[in-house]
Amino acid sequence: MHELSLAVRLVALVEEEASRAACTTVSTVTIRLGVLSCVDPASLKLAFLAARKDTIAAAAELVIESASAHAICLSCQKPSDVSQRTSACPFCGAFALVVSGGDELRLVRLEVV
Ligand SMILES: [Zn+2]
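Below or above, wherever it landed, is the structure these notes cover. (Residues numbered from 1 in each chain as written. Predicted model: local features only at pLDDT ≥ 70, side-chain atom pairs only at ≥ 80, totals over all residues.)

What follows concerns the sheet that holds strand β4 (residues 79–82). Here 3 strands make up an open sheet; going across it, the order is β4-β3-β5 and the pairing antiparallel. Looking along the sheet, the strands with just one partner apiece sit at the ends: β4 and β5 (97–100). Going across the sheet, the axis of each strand differs from the next one's by a mean of 35°, ignoring polarity. Sheet analysis places strand β3 (residues 69–73) next to β5, joined by 4 bridges and oriented antiparallel. The residue bridging Ile 72 from the neighbouring strand is Val 98, located in β5. (Pairing = 2+ DSSP bridges. Helix = DSSP H or I, 4+ residues; strand = E, 2+ residues; numbered from the N terminus. Axes fitted to C-alpha atoms, helices over the stretch in contact; angles between N-to-C directions.)

Below, the structure is given as structure tokens:
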């Protein structure tokens, strides 16, 4: 259900952007989804199929780009990319990571015809 409400909001945003650009048909919707966003890409794609019905994006394909999260280790100060909130530092193994990003869901691009 989480994914469905996201998909509905995404389609609303797509309609808004498309009407601002005076487009009538959207062919591709590209979003960036953070690896820590707790959104399942497969479920989101399914939900998008339902949400796009009878909208400007009715025939649009949803492309999901994965956005990684960055972390700084409090122990060794080295930066790394993490895929889970519970990841350990790849350099020293400490769990004292300050994580930033990775929780976004952002509309990146619309392709129109
Ligand atoms: Zn470290």
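This part is about the sheet that holds strand β1 (residues 26–34). Overall, mixed pairing links the 3 strands, which are arranged β2-β1-β6 in an open sheet. Among the strands making up the open sheet, the edge pair consists of β2 (61–67) and β6 (105–112). For this sheet the average axis-to-axis angle between neighbouring strands, irrespective of direction, equals 20°.

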